[in-house]
Amino acid sequence: MKKIISIFSITLIILFSACNDDYMDRFPETSIGTENFFKSEEDLKMFIYNFYSFAGINNYGDDGYLTTDNSANTGSTELKNIMLSSNPSSATITEGWSWETLRDINLFLENFRNADISEDLLAHYEGLARFFRARFYMEKIKRFSDVPWYDQVIGTSDEELLFKSRDPRDMVVQKIFEDYEFASQNVKTDQPVGAVNKWVVLAYKARHALHEGTFRKYHSELELQSSANTYIQIAKDAAKEIMDNGGFSIYSTGNIQSDYSSLFNSQNLTSNPEIIFANSSEDEVKNSGWWEWMFGNYEVSPSKDLLQAYLMSDGSYYSSQVSPETNSFVEEFENRDPRLKQTYAFPGWELINTGTYAQGGGIYKQQLQKNFTGYHQIKGFINSTDQTTQNGVDFPSIRFAEMLLIYAEAKAELGELSQGDLDNSINKLRERAGMPNLNMDPVIDPVQEARFPNVKSNSQWKEILEIRRERRIEMALEGYRYDDLMRWEAGKILETEPRGLYFSGLGKYDMTGDGVEDIVLLDLSESIPGAGDKEVNSIGETLIYYRVGAQDSDGSFYISGDNQGYIESVKERGNFVAPKYYYRPIPQTHTTVNPNLTQIFGWE
Amino acid sequence: MNKNQFQKIILEKFTYRIVIVLIIFLNVIAANAQENRVNGTVKSGHDNLPIPGVSVLIKGTTTGTVTNQDGEYNIATPTDGILVFSFIGMKTQEITINGQTNINVSLEEETTGLDEVVIVGYGVQKKVNLSGAVDAIDSKELESRPITNLAQGLQGVAPNLNIDFVSGEPGQAARINIRGVTSINGGEPLILIDGVPADTWELNRLTPEDVSDISVLKDASSAAIYGARAAFGVVLITTKSGTREGLHVSYNNNMSWSKPTLLPNKISDPYIYNRVLETSTDNTPWDNINFSDDTYAWAKERSDNPEGTVGVRVNPNDPTSWEYMGNRDWTYYFLDDYTYSQKHHIQIDGKTNKTRYYLSGSYDNENGALKIADDLFKRYSIRSKVDFTPFKWLTVGNNTLMTMTERREPSYLDIWDLYNLAPTSYDKNPDGSWANTGVGQEAARLLDGGDVDNRYNSTQSTFTAEARFFDGALKVNSDYTIRKGNSNYSYYYSKYKIGYGPEDVREIGSNSAYRSATFDTYNVFNIYSTFSKTFNKHQVTALVGFNQENNRSEWFNAQRDGVISGSLPTIALATGEDYVDERITDWAIRGTFFRLNYIFNERYIVEFNGRYDGTSKFPSETRFGFFPSTSAAWRIDRENFMRPIEHIVSTFKVRGSYGSLGNQNVYDDNGNPVYYGYIPTMNPSQAEYLVDGELPQRVSPPQLVSDNYSWETVSTVNFGADVGLFKDKLFAAFDIYQRNTKNMLTIGRDLPDVLGAAEPKENAADLQTNGWELSLTYKNNFNLAGKSFNFNTRFILSDSRSWITDFDNPNKNLSQYYIGQEFGELWGLESDGFYKTVEETQALDETQLIPWGALSIVPGWPKYVDQDGNGIIEKGYTVDDPKDAQIIGNTSPRFRYGLNLSFDWNGFDVRTFVQGIAKKDYYPRHYLYWGFYQQPYAGGYEHLMDFYRPTADSDVDMAKHSQAYIDAGLADANLDSQYPVLQAWLADRNLGEGLNDSKGLATPQTGYLLSAAYIRIKNITVGYTLPKTLTQKINIERVRFFVSGENIAEWSEVSDYFDPEAVTDDGHGYAYPFQRRYSFGVNIDF
């Protein structure tokens, strides 16, 4: 028995002797801890890439997806749903309250000084991080107005920070522009192609300052009008610095039919003098894809309203035509600003890339369908079947043209605009497009005037109207229209349902501009003939038949009047409740977690 | 062919095969001559009374008889055979005939199951002395089933050993669970094969024929000795050893033919398909599907006159391209056919004085459901097991296993694609090239688009030593195992050719090659000593031991685009972009454990188990935990007061146990194991923006970690009883348990999102599972036509339910777990049929349910019961204010059962096995059920043709329709339909599946709630063993032929749409098809 006990004891001693030694310590080998990172410039650079996020190909749909007067949209979009809803609330609007990026930026700012590099370089990297923080907060401000400001990493037990309430917009915006100021002072100009440099920082600074300044000016509910000019001034100065020192210019080879459109289907924008930042792509390295949905009635379609905003080629207003509202599709495109035919599919345009929602290639006959305007977008459309080409399209995320528009608008808003300013900005765009110059004290276009009744308090309101038009045309369908309408306090415009093509009655129409009829509109009571019974036109093509009717009929598409009128795309756009709908509520799930977050502007 | 016809044909074919086999062997029996006769009486050694019904068998044959009422028998025998006398409850006796003609036998009573030994952790125990909840499974239950994975054989054989397969894919690993919901982080039982931990993939590498014993340890006390990873039970698998003197050789094989169990029932008529599809989008604002008149005219022709109308033609409007009008359900083109599988197993075993050995080799080749390309799983396996006893006190041994598994399939194989093909699609152009359609492209991709080859080689060797001291009272065991596994995984994509038009065949697709390798090294070391002694009425067993394990897994991969040649698709011969990556993970555990077992007077049993365990997955401060347990049992049948009824109650034992165990398994949101969850780490990846023409590297931000990060503890209380009646002919075991999983690792308090990171996991939630399990066994034998008829049946039934008992969700938000929530509860709306009139649509506001905010609510739209009567149908956010939502069902499987019936008689053996789930709700949310209601891109299911149609078509439209369309009633009004108005996107689940996100029919509702309960005839096996007198002539000990059918038939409400087992996952039936398998095989023992 003794032996048994001793053997047992020995076993036990062996067993318990080596329990918590390094055998039990296992550490990751293919990932790295923060204590070993942020040591070199390379580390800082690699972390900064996490924050890169710039406009890309999908922006070509954003005038529709964000809901503007430039596009109709059948998809589910936030503002459309709000406007149509009987009771939009923080329970149903659930986007936008995410904060990951901010944490990562603040984590960088708390650690980057560990890197053993010069003060000068440290300042550059601090500037980059603060630039991204400013951008992050600007998006929050646009959506929620007052938001809590954090410039440090929050821990799980930092109760006070976690549960704090909103900070006032003014305070947060001051912080944002402190960041922009630091960044524009310290971020270097000579950076690799595709990396953020000083000009990118300044461009965002100008864009966001103009937004904030004009937003304050036209939104009295903020009670910040007195400081509006401060930010408009910042916008003007930032744009001016880029104009004076950035070395950029408007891309123009003298070819007014294609210089403009070539910015939107280019395989390489990085060396283009107009590009401040390009979201570049290269086949098999970073495939851009392309915006295939823009064709063939998928969800968005450009509106008649945008088409009518283009000037005539002699600089006169489309509204001054004899019967602007009842022009046929072919007539609408005659003698217009050349940018129109570089933006809209026009009579006689040839569809080559059929890998879309459109049916068939060749000389394009507008495919008409209920709920769509019938217009189609070619700005940004890659009309090529070559996959390498489709994969390698660059997107102009920041164009110098926008800086010129910012400069002109800021000057006009400040009441400082001169003919020299116009020549240095708007007229450079006009020149590239082959359009006459814009001069001071322009004639009033009643349509444009009606659109923005609130500009008249400005001394240079006539110029502002035309600068706004130029901005709409030059930047059409690039995704900026929504922000513009919001800052100009023009939400009411969105209540108008976008319209499509006009037809003066039943019968045959030419769609390709060759004088030969291509389509036939039939009354609802008629039926479309069978395949063999369809009429063939003089050039041997079978006519395309449509039955037309009112909304909710079983017609091929809906038309506003009795067998004549506009194509109706959207049944109803709903109501824009101001100022409430210029803002969004904090989603309810988050106000429940932190009751100190209260809703503003009537949101619940 | 409809389903009934199909089943009938299968049944006929199957029956036919059985009959052929039987006829052959019956003839063989008849040819069998008899030489000698022996008679005698069999009496009980206990009371010396004759015993009727005793089986008397000539050993090694199936020739035998049964004693009559007076215990007498009379049998024709060879002169030098051995007679075997057996009777339930008696010890079997063998007597050499040696020329005798009269043999009287006295059978000794066998104390019920007394000698039956069960494998438990680090030892064995007599079944009668168990105090925990342990199930022993006889490997005979698996014999001759055409399965390649042991888990398939374990499905439904032990109560609350819950085995699910999410698909019928060859080489698919099972999901194994013991006793229901374990933790919100998941938690599988610990599986040990010959004492070495294995996962379900490892189980896949085990040859089922090598298995001899399986034990399932269910409660805390029986599992406690494995502490660290045994919180959710243990499955112990022991492989065969040489147990018989001399040299024995056996060969088994099995050839099987299989085809999918159930495939979706799709529309095959092109006119109906196109018209219904267009109708579905006509009713939406997008209206994006519009077929031309020409298309309809062709579809009508093809529908009305399928033989006389072509399915492919040159497009009349564009002579450079083909145009198609198929008319079949293409799923069957790819999947429905018998594929052939086979398996072979050979074993050599035996023992001498000092040596025991078992050698086996096996080959399995399981073909999947795909019929047009290779889609298979192969396994090669060799096992060598040798024990040597150089001294009386010492035995050393080695157990080595080498396996190679291979999964080969087309790179492009995706079941989704096969299920979603439109009937109007087509396979080949007139020039023989693949059609420019879904079917043509899919077929081209599967055949020419490249292959995946995934090979895994595993070599495992265990060295064991056992030293015995003091006449065996003290044993010291030690073993060391090393397992080296490596995967050799490769795939490539090559371009394939599609015919776009006459003279226009294009090569499309990508071409790249990929290869990865994994090196797994696993070390296990155990040492333990056991002291066991009986002093008078005291029986004591004590065990103490130590265990340590570590595992290291290294993975890297390389990929390169731009393969030069499709015939040599390798990285070496590629010129494009390349990608490489690497991942290394490791972990270690270490523990010491003990067991104390004390039995007094064979009646009172007490046991203590405990383990002190540590894991590298937790920080050093919280790394170790102590997990104790205790159990007790009372063998009432041994008490004196039971004597008077012992002839009725042969076994009566009650048991109870309580224990606490740890769970160290942590998984991330994607279900991948987390090894370093307490260390914030940063990982490199490629950035998304081109800088200087390249995508630079970036390093991701670190995740948040918590200080509160340690073991989940799992405590189980268990009560059980074993009752055997009539010498255990009828035996019942019942257990009831409660399991509390505490401190589950989950996000702690719901913190404001300004935190900016996912809340770290910490020990913050509890759940409770209550359940019970029952097994009933009845076995008997009697005389049938002079031969012994042995009958054996086993029925098992189990149930469990689980609730969240702690979770930080004070508002009881429905998007998160909340206290009191039962697992599986399904929130939804109560159906109120359809809106019938426009007035009705205006009276009740359902706008919040409109998918994409855009569909129109019209008559025929689903209508819901307005529970709160406010005139608006809304779904609330919290349990306390759910508005019109309520719990409408529960998706957890309840009442799992299995029934095994077997008998043997005169060389025949028959076994049937039925398995199922008696209660489970299922709400369909996918294409396979909703077809065009989901989205107009896939589907077209026959059941959906019963949709709401407000009016009949006009005469003009009628003239356009095909006869089939009119015959199907699709042109008529259908106000009393099963399905609502046909709007595409009405059941779109892309908006989310949460109660609040989901819209339209994607929100669960009572009208379409299905029962996923099922009953399935899992297996029927019929075997016949040739008479020994015949086989001995050619020196063969035994020859048995058998036919077997797997997944023969099933009944379930969901089986109208998909296999009932395919909804165990969230896959909504989109699973690789389950297989019906018919097989034929032979067992030969030399």
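Every value quoted in this text rests on a predicted model; they were computed, and no experiment measured them. (Residues numbered from 1 in each chain as written. Chains lettered and ligands numbered in written order. Predicted model: local features only at pLDDT ≥ 70, side-chain atom pairs only at ≥ 80, totals over all residues. Heavy atoms only, no water.)

**Observations regarding the pattern of salt bridges**
All names here are of chain B.
For step 1, the next point in the chain: A full pass over the atoms with the stated rule returns 106 salt bridges over all chains.
For step 2, the next point in the chain: Linking aspartate 637 and arginine 635 is a salt bridge whose minimum nitrogen-to-oxygen distance equals 3.7 Å.
For step 3, the next point in the chain: Judged by its relative accessible area of 5%, arginine 635 falls in the buried class.
For step 4, the next point in the chain: Of the charged contacts in the structure, one is a salt bridge between aspartate 722 and lysine 653, with a shortest N-O distance of 3.9 Å. Of this pair, aspartate 722 sits in strand S36 (residues 712-725) while lysine 653 sits in strand S33 (residues 649-663), and the two are 69 residues apart along the sequence.
For step 5, the next point in the chain: Residue classification places lysine 653 among the buried residues on the basis of a relative accessible area of 4%. (Salt bridge = Lys/Arg side-chain N within 4 Å of Asp/Glu carboxyl O. Buried < 20%, exposed > 50% of the residue type's maximum accessible area, 1.4 Å probe, protein only. Helix = DSSP H or I, 4+ residues; strand = E, 2+ residues; numbered from the N terminus.)

**Brief notes about empty space enclosed by the protein**
All names here are of chain B.
For step 1, the next point in the chain: Tallied over the full model, the rule gives twelve cavities of 30 Å³ or more.
For step 2, the next point in the chain: Quantified by volume, the largest cavity comes out at close to 370 Å³.
For step 3, the next point in the chain: What lines the largest cavity is a set of 29 residues, and nearest its centre among them are Gln152, Glu366, Asn1047, Gln1075 and Arg1077.
For step 4, the next point in the chain: Within the residue set of the lining of the largest cavity, elements represented by two or more residues are strand S17 (246-260), strand S20 (339-351), strand S51 (1038-1052) and strand S52 (1075-1085).
For step 5, the next point in the chain: Class assignment of the residues belonging to the lining of the largest cavity gives a composition of six nonpolar, 15 polar and eight charged.
For step 6, the next point in the chain: The calculated volume of the second largest cavity comes to roughly 100 Å³.
For step 7, the next point in the chain: As for the second largest cavity, its lining consists of 15 residues, of which Ile193, Arg383, Leu401, Gln460 and Arg483 are closest to the centre.
For step 8, the next point in the chain: Sorting the residues of the lining of the second largest cavity by element identifies strand S14 (196-198), strand S23 (394-410) and strand S24 (451-469) as the ones contributing at least two each.
For step 9, the next point in the chain: Here the residues of the lining of the second largest cavity are counted per class, giving six nonpolar, four polar and five charged. (1 Å grid on protein atoms, 1.4 Å probe; cavity = no way out; pocket = protein on both sides within 12 Å on 5 of 7 lines; lining within 4 Å. Points joined across faces, edges and corners; volume = space filled by probe spheres on them. Nonpolar A, V, L, I, M, F, W, Y, C, P; charged D, E, K, R; others polar.)

**Regarding the sheet that holds S14(B)**
Residue and element names in this part refer to chain B.
For step 1, the next point in the chain: With respect to topology, five strands assemble into an open sheet ordered S10-S15-S16-S13-S14, the strand pairing being mixed. On the outer flanks of this sheet lie strand S10 (134-138) and S14, each paired with one strand and no other. Within the sheet, the average angular offset between the axes of one strand and its neighbour, ignoring direction, is 25 degrees.
For step 2, the next point in the chain: Bridging between strand S13 (residues 190-193) and strand S16 (residues 234-239) involves four bridges; their strand directions are parallel. Within the sheet, the bridge partner assigned to leucine 190 lies in S16 and is valine 234. (Pairing = 2+ DSSP bridges. Axes fitted to C-alpha atoms, helices over the stretch in contact; angles between N-to-C directions.)

**Describing the interface of chain A and chain B**
For step 1, the next point in the chain: At the junction of the two partners, chain A supplies 85 residues and chain B supplies 83 residues.
For step 2, the next point in the chain: Of the roughly 7200 Å² buried where chain A meets chain B, counting both sides, 61% is carbon and sulfur surface.
For step 3, the next point in the chain: Looking only at chain A, the three residues that lose the most surface to chain B are Tyr23(A), Met24(A) and Arg26(A), adding up to 10% of its buried area.
For step 4, the next point in the chain: At the junction of chain A with chain B, the criterion picks out three salt bridges.
For step 5, the next point in the chain: One salt bridge connects Arg623(B) with Asp25(A), and the closest N-O pair in it is separated by 2.8 Å.
For step 6, the next point in the chain: Our count for the chain A to chain B interface comes out at 17 residue pairs in polar contact (both at pLDDT 80 or more). (Contact = heavy atoms within 4.5 Å. Buried area = accessible area lost by both parts, 1.4 Å probe. Polar contact = N/O pair within 3.5 Å; in protein donor to acceptor, adjacent residues only side chain to side chain.)

**Remarks on the domain arrangement of chain A**
All names here are of chain A.
For step 1, the next point in the chain: Split by domain assignment, chain A resolves into domain 1 (1-494 + 577-604) and domain 2 (505-563).
For step 2, the next point in the chain: Between the C-alpha centres of domain 1 and domain 2 the distance comes to 41 Å.
For step 3, the next point in the chain: Each partner contributes to the interface: domain 1 provides 13 residues, whereas domain 2 provides 13 residues.
For step 4, the next point in the chain: Note on domain 1 versus domain 2: buried area summed over both sides is about 1100 Å², and carbon and sulfur give 67% of it.
For step 5, the next point in the chain: Its largest share of buried area at the contact with domain 2, domain 1 owes to Lys365, Leu368 and Lys370, together 57% of the area lost on that side.
For step 6, the next point in the chain: Viewed at the interface, domain 2 and domain 1 are joined by one salt bridge.
For step 7, the next point in the chain: Between lysine 365 and glutamate 541 there is a salt bridge; the shortest N-O distance is 2.9 Å.
For step 8, the next point in the chain: Linking domain 1 to domain 2 there are four residue pairs in polar contact (both at pLDDT 80 or more).
For step 9, the next point in the chain: Here the residues of the side of domain 1 that touches domain 2 are counted per class, giving six nonpolar, five polar and two charged. (Domains from an automatic or database assignment.)

**Description of the sheet that holds strand S11 (residues 557-558) of chain A**
Residues and elements named next belong to chain A.
For step 1, the next point in the chain: Spatially, the four strands line up as an open sheet ordered S8-S9-S10-S11, and their pairing is mixed. Of all strands in the sheet, those bounded by a partner on one side alone are strand S8 (507-509) and S11.
For step 2, the next point in the chain: Pairing between strand S10 (residues 544-549) and S11: two bridges, direction parallel. Residue glycine 549 lies in a different strand from S11, and its bridge partner there is tyrosine 558.

**Notes on the packing of aromatic side chains**
For step 1, the next point in the chain: According to the stated counting rule, one finds 106 aromatic pairs over all chains in the structure shown.
For step 2, the next point in the chain: Taking 4.2 Å as the distance between ring centres and 20 degrees as the angle between the ring planes, the aromatic pair formed by Tyr122(B) and Phe593(B) counts as stacked. You can see Tyr122(B) sitting in the loop between strand S8 (117-120) and strand S9 (123-126) and its partner Phe593(B) sitting in strand S30 (residues 578-600), a full 471 residues away along the chain. Grouping residues by exposure puts Tyr122(B) and Phe593(B) together as buried.
For step 3, the next point in the chain: Against the face of Trp99(A) rests Lys140(A), its NZ or CZ located 5.2 Å from the ring centre. (Phe/Tyr/Trp six-rings, centres within 6.5 Å; stacked < 30°, edge-to-face > 60°. Lys NZ or Arg CZ within 6 Å of the ring centre and 35° of its normal.)

**A closer look at a nonpolar patch on the surface**
For step 1, the next point in the chain: A cluster of nonpolar side chains, namely Tyr598(B), Phe600(B), Tyr604(B), Trp634(B) and Phe641(B), defines an oily patch on the protein surface of about 470 Å² accessible area.
For step 2, the next point in the chain: Among the structural elements, Phe641(B) can be located in the loop between strand S32 (624-635) and S33. (Patch = residues over 30% accessible without salt bridge, like charges linked within 9 Å, V, L, I, M, F, W, Y side chains within 5 Å. Areas by Shrake-Rupley, 256 points an atom, 1.4 Å probe, with all protein chains shown as cover.)

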